[in-house]
Amino acid sequence: MSIMSICMVGGYAGAQNAAASVWAAFWLVPAVAITVYAAKARRGYAVDRVMGIPEYRPRLADSRGMVLFYVALDNGFPWVSWLVSVFFGLLLVIQALALANDHRLYPVPGDLVPVQTNGGEDWYKLHVWCYGYENKQGGSEPVFVLLTEFGMPSTTMMGLAQGIADNGHPACIVDRPGYGWSEPGYWEQDPRDVVKSINQALTKYPISNPLILVGWGEGGVWSQLYMQVADYTRVVGMVLLDTFPNMEILQTFALNRTTTLQNLRQFRSLGTEQKSESIPQVHFDKALESSVSRMFSSWRAVSPIALHRARNGNWPGFKPQDSLGQHRSRFRDNLHYQAKYFEYGGTGARLYQALLEYVTTSIDSLLVYHHWPLRWPALPADSGSEFTKSLSKRQAAMPSIQAATTKLPVILIASAQQFNSDCGAQGISSKEDCTKWQAFAWFYYRQQIEYQQTLSQNAVLLACTGAVDEDDQPCDTDFVWRRPKWLASAIVSQLFSSSNRTT
C-alpha cells in the first residue's frame, strides 16, 4: 500500500494536480502503519509485543479459550493486514486511473488565470470560462459573469452561459478557489480576498467590458460582496437566482427557535465605520455546524480512495446533456470536497459575516422596522449611474417602501416551488413537517420581497413556475441547470428589452 500511495502521489503531481497529491499523501500514514504492524505480526509470539502483551507464553493457568484467541490472532493478523492493504491500495489505483482518464477526456475548457492573495505573497490560478466573448472583447457590450451555488462547479452553469451567448451576449463563468478547474487557493480563505481574486482574474483574463453579475444561490451573496469590495463601477446589472443571505438564520427565524435566536442580537447593525475585526463570530447551531464540518472533513480525507464516486448522482434533466460526463467528472475530483470544506470554514456564516461589515444605518433601520432577522448592504448609491446604450432602464413598478438609492438594474428570479405552501404538492404528509414547510415558504418569499425593496430602485422579482418545453417538470431549485435556455432568454429579455416581460 505504501508503494501504491507513493505512485498515487507521483501520478497526481505528474497530472499537475498537486493539491490532490497532498491529500493522497495522507494515506501514506496508515499505509506505513499497517506495513510495520504486518511485519511485526509474523509467525510466532511476536504478536504479543504488537498487542502490548509482554513475552506471552501459554500457561497452564490460561483457559483454553484464551489460548485459542491468541493463536488465532497470531495467525490471522498478518492476513488481515495484507487484505486491508491490498483493498485500500486497489482503491487508490482505481482512483488514480479514473482521474487520469478524466484529465484526458475533459481538459481545462477555459483559461487558468494567476491571481495574488495574502498581500501579494501567494499565487494561485482561477479558472475563467467564456462563451461568445472573443469578438466582443474590449467593447461596450456588457459581459455576464456567472458565480455558482455553494459546492457547485462551473459546469452547473455552462448551459446558462451558452444560452446567454446564443442570445447574442458574452458570458463568462468563474470557478471559485478549489471549484471546477480552479486551484484551491490558501486556507483559511477570507471572503473579501476571494472576491478580490475574482476581480483580478476578470481583469487579467482580460475582461475590460462592463459587467452583469449573475449569482446562483450563495453565488448571489458573493455578487453582493463583490459590489462592496471590488470595482463596482464596472457593474451595470445584477441577477440573483434563488439567493438567500443565510439559510440557517432564515430557517431558525421561521421556526422561532427561541434559544438560538438569542444569538441574532450579534447580527444587528454593523455600520460602515466599523472595521471587519469587530464582526462577531456567531454560531447559531454548534451541533449542526460541527456535524457539517466533520462531514466535509471526512470526505476530503477519503476522497483520494474514490469512495465519493458512488455518491455522484445521475443529475436527471441536466442540460446540456452531452456535457453530463464533464460535469460529473468535476464532482469526482478530489478537490471538490476540499473546496466545500474550506469555503464552509467551520461555519456557514463566514460569507454572511463578511457582508455585514457594509450594512448601512438606513437599511438596518428598515429591516428592524420589518422585524427581519437578516442584514445585507444596499448596493452603492452611484452604481448603475451610467448605463450602456444596449442596457435598457427598467420602468418596473417600485415597491411601496423603498430604501435603496441606486438605480442599478437588479433581477430577482426564484423558484416558485419554494413559495408553494401546499404540502400535498411538496409531497409532505407529516403535519409537523407541513407546518415547518409552510413557515419556510412564507419566509422564503418575504426574503425576496425584502431584497426587492432594499437592493435597488430598479429591482424586479420574477417567479419560475410551471413546466416549459426544455423541462417538463415544475420549476424547482435545480432550474439553473434543468432549464438554462429558458432562464437565459428570461434574463436577457428583462435586461435588454424596452418593455418588461413576464415569465
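What you see is a predicted model, and the numbers here were worked out from it, not measured in a lab.

Enquirer: What should I look at first to understand the overall build of the protein chain in this one?
Expert: Regarding its fold elements, the protein chain presents 18 helices and eight strands. For the protein chain, the proportion of its 503 residues judged to be buried stands at 54%. Of all intrachain contacts in the protein chain linking residues separated by at least 6 positions in sequence, the fraction that spans at least 24 positions is 74%. Accessible surface, the protein chain: about 22,500 Å² in total, of which carbon and sulfur atoms supply 56%.

Enquirer: Help me understand the pairing of strand β2 (residues 122-131), please; the structure alone is not making it clear to me.
Expert: Moving residue by residue along a regular strand, the side chains alternate between the two faces of the sheet. Counting buried positions along β2 gives seven out of ten residues, so the element sits mostly inside the fold. Summarising the sheet, strand β1 (residues 111-117) and β2 pair through seven bridges and their orientation is antiparallel. By the bridge assignment, V115 is partnered in β2 with Y124. The antiparallel hairpin formed by β1 and β2 contains four residues in its connecting segment, where N118 sits at a positive phi of about 55°. Pairing of β2 with strand β4 (residues 171-174), which is carried by four bridges, proceeds in the antiparallel orientation. Looking at the pairing, Y131 lines up with A171 of β4.

Enquirer: Mind showing me how you'd approach the environment of R446 here?
Expert: Following the sequence through the fold, R446 ends up in helix α16 (residues 431-454). Taking the C-alpha atoms as reference points, R446 and W372, 74 residues apart in sequence, are found 9.2 Å from one another.

Enquirer: What should I look at first to understand unusual backbone geometry in this one?
Expert: Note: most peptide bonds trans; most residues except glycine with negative phi. Following Y205, the chain continues into P206 via a peptide bond in cis, with omega recorded as 5°. Relative to the elements of secondary structure, P206 occurs in the loop between α7 (191-204) and β5 (211-216). Looking along the chain, the bond that leaves K319 and enters P320 is cis, with omega of -5°. Within the secondary structure, P320 is located in the loop between α11 (286-302) and α12 (324-332). If you check the backbone angles, D242 has positive phi at about 50° while not being a glycine. With respect to the secondary-structure elements, D242 resides in the loop between β6 (235-241) and α9 (247-255).

Enquirer: Before we go on, may I ask you to explain the confidence of the model for the protein chain in this structure?
Expert: It should be kept in mind that the predicted coordinates are not to be read in detail where pLDDT is low. Of all residues in the protein chain, 75% have pLDDT values of 70 or greater, and the mean over the chain is 79. When the elements of the protein chain are averaged for pLDDT, helix α10 (residues 258-261) gives the smallest value, 49, and strand β3 (residues 143-147) the largest, 98. With pLDDT under 50 throughout, residues 266-283 is counted as low confidence; its partners more than four residues away or in other chains account for 43 contacts. A low-confidence stretch, residues 498-503 (pLDDT under 50), is modelled with twelve contacts involving residues beyond four sequence positions or located in other chains.

Enquirer: How should I be thinking about the packing of aromatic side chains in this particular structure?
Expert: Note on aromatic pairs: each is described by the distance of the centres and the angle between the planes. All told, the structure shown has 17 aromatic pairs when counted by the stated rule. Put simply, the rings of F244, W437, F440 and Y444 touch in pairs and so form one group of aromatic residues. Between the NZ or CZ atom of R176 and the centre of the ring of Y179, over which it lies, the distance is 4.8 Å. Positioned over the ring face of W486 is R483, at 5.5 Å from the centre of the ring.

Enquirer: Sorry, what's going on with the sheet that holds β1 here?
Expert: Note on sheets: strands pair through backbone hydrogen bonds, and any given pair is parallel or antiparallel. Spatial strand order, β1-β2-β4-β3-β5-β6-β7-β8: eight strands in an open sheet with mixed pairing. Strand pairing shows two members of the sheet lacking a second neighbour, β1 and β8 (459-464), which therefore form its edges. Each strand of the sheet is rotated relative to its neighbour by a mean of 25°, with strand direction disregarded. When β6 meets strand β7 (residues 410-415), the two strands line up parallel, connected through four bridges. Within β7, the residue paired with M238 across the bridge is V410. Across the face of the sheet, helix α8 (residues 218-229) comes into contact with β3, β5 and β6 while running at roughly 145° to β5.

Cut-off values and rules
Residues numbered from 1 in each chain as written. Predicted model: local features only at pLDDT ≥ 70, side-chain atom pairs only at ≥ 80, totals over all residues. Heavy atoms only, no water. Helix = DSSP H or I, 4+ residues; strand = E, 2+ residues; numbered from the N terminus. Buried < 20%, exposed > 50% of the residue type's maximum accessible area, 1.4 Å probe, protein only. Contact = heavy atoms within 4.5 Å. Areas by Shrake-Rupley, 256 points an atom, 1.4 Å probe, with all protein chains shown as cover. Pairing = 2+ DSSP bridges. pLDDT = per-residue confidence, 0-100. Phe/Tyr/Trp six-rings, centres within 6.5 Å; stacked < 30°, edge-to-face > 60°. Lys NZ or Arg CZ within 6 Å of the ring centre and 35° of its normal. Axes fitted to C-alpha atoms, helices over the stretch in contact; angles between N-to-C directions.

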